[in-house]
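As a plain string of letters, each chain reads:
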Amino acid sequence: MSVVHRILTGDRPTGPLHLGHYAGSLRSRVALQGAHHQTLLIADLQALTDNAGRPAHVAANVLEVALDYLAVGIDPDRTTIALQSQLPALADLATLYMNLVTVARLERNPTVKAEIEQRGFARDIPAGFLCYPVSQAADITAFRATLVPVGDDQVPMIEQTNEIVRRVNRLANADVLPECEALLSSTPRLPGVDGRKASKSAGNAITLGATPEEITAAVHSMYTDPGHVRASDPGRVEGNVVFAYLDAFDPDTTAVTDLKARYRHGGLGDMVLKRRLIDVLEIHIAPTRARRAQFAGNLDYVRAVVERGTAIARAISDETANDVRRRAFSLDSIAAA
Ligand code: TRP
């Protein structure tokens, strides 16, 4: 990849980030920073779309997400970390884009559809929630991003963003905004310890700074293969959570291939596998945990990082919003034409 991309992605501050975020997207963000212009948004406004009743909870998690970023190795000198709610241009763009998107299109967005079901909104869907893909399109386009590292559940958001980009460019009769593409992880989506979708609220995820005790407890509770009763029984690798995590985090892929063969054949007990995974995760998590503790002891520094990043992001997003207002929506000031 020799092109220099503008990268934009974000996370809702509703709890600490977990290994699924790492395997799905944080890992690539760390790898890509420096070679590209990268901005990470702490998406507190988006978090409010399904947490309107708990604003203090969202606010309290802003610095947690910033800590997670720094702990996994996001370097604030090479990546801009910004707070969404402090960037008024994003709301400005979202309002304009709202006119380019039908309610039917929003209701058809597969991510929105799935999340409406998960959250049990039934008919009581907050309008802000239904419209969050539009706001996310504002996030992405405000930075004229061309690459968006996200989990595969976010692909419909990228498609909707590109539809908006094409409409804006058609209105302006010029390429005001670039289309973007999703950067997906090479490993499949990491399940929660129970084999279901990993989520902060379900409590089935392993956080980026988990303690050794938390790692051990989580791995012991992992769903394997209910048909694999004795070590000598043949076992299933597909759907087996322990193997999903080994695939994502064990650097010795040859050993993992070999373990899979032995597990399938029969003769390899779950405990042997789980002990290996505990070691692998501890090696992976220990440095993150240590850095996280260090930064947590210096929250003034973390706040300064987010303030500095937000100021940089504000300049960029203001410039884009002005350009879009003027060129696609004829919203110049009342100055003479
Ligand atoms: N919707 C994303 C998530 O739930 C978070 C997000 C907010 C985002 N703004 C974004 C992702 C812009 C990519 C680009 O994980």
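Everything discussed here concerns the structure shown above.
None of the values given here were measured: they were computed from a predicted structure.

### Things to note about the site of the ligand
Residues in close proximity to the ligand include Leu-8, Thr-9, Gly-10, Arg-12, Ala-43, Gln-46, Gln-136, Asp-139, Ile-140, Val-148, Val-150 and Gln-154, which together make up its full environment. Between Arg-12 and the ligand, the recorded distance is 3.3 Å, taken from a side-chain N or O atom to an oxygen atom. Within the residue set of the shell around the ligand, elements represented by two or more residues are strand S1 (6–11) and helix H8 (132–142). Broken down by class, the residue content of the shell around the ligand amounts to five nonpolar, five polar and two charged.

### Quick look at the packing of helix H9 (residues 155–172) against helix H14 (residues 299–329)
Relative to each other, H9 and H14 sit at 60°, their axes nearing to 7 Å. Relative to H14, the element H9 lies oblique. Only Val-324, Arg-327, Ala-328 and Phe-329 of H14 make contact with H9, whose side of the interface consists of Val-168, Leu-171 and Ala-172. Its residues assigned to classes, the contact of H9 with H14 comprises six nonpolar, no polar and one charged.

### Things to note about H9
Between the first and last C-alpha of H9 there are 26 Å, a value that for 18 residues agrees with the 26 Å anticipated at 1.5 Å per step. Within H9, the full set of buried residues consists of Pro-156, Met-157, Ile-158, Gln-160, Thr-161, Asn-162, Ile-164, Val-165, Val-168, Asn-169 and Ala-172. Where H9 ends, the next residue or the one after it, Asn-173, has phi of about 55°, a positive value.

### Topic: the pairing of strand S3 (residues 79–83)
The two faces of the sheet receive side chains in turn, since in a regular strand these alternate between them. With five of its five residues buried, S3 lies for the most part within the structure. Of the two faces of S3, the one lined by Thr-79, Ile-81 and Leu-83 and the one lined by Thr-80 and Ala-82 are each fully buried. Inspection of the sheet shows strand S2 (residues 37–42) paired to S3 by five bridges, in the parallel sense. Within S3, the residue paired with Leu-40 across the bridge is Ile-81.

Definitions and limits used
Residues numbered from 1 in each chain as written. Predicted model: local features only at pLDDT ≥ 70, side-chain atom pairs only at ≥ 80, totals over all residues. Heavy atoms only, no water. Near = heavy atom within 4 Å. Polar contact = N/O pair within 3.5 Å; in protein donor to acceptor, adjacent residues only side chain to side chain. Helix = DSSP H or I, 4+ residues; strand = E, 2+ residues; numbered from the N terminus. Nonpolar A, V, L, I, M, F, W, Y, C, P; charged D, E, K, R; others polar. Axes fitted to C-alpha atoms, helices over the stretch in contact; angles between N-to-C directions. Parallel < 35°, antiparallel > 145°, perpendicular 65-115°, else oblique. Contact = heavy atoms within 4.5 Å. Expected span 1.5 Å × (residues − 1). Buried < 20%, exposed > 50% of the residue type's maximum accessible area, 1.4 Å probe, protein only. Pairing = 2+ DSSP bridges.

Nothing here speaks to function; it is all geometry.
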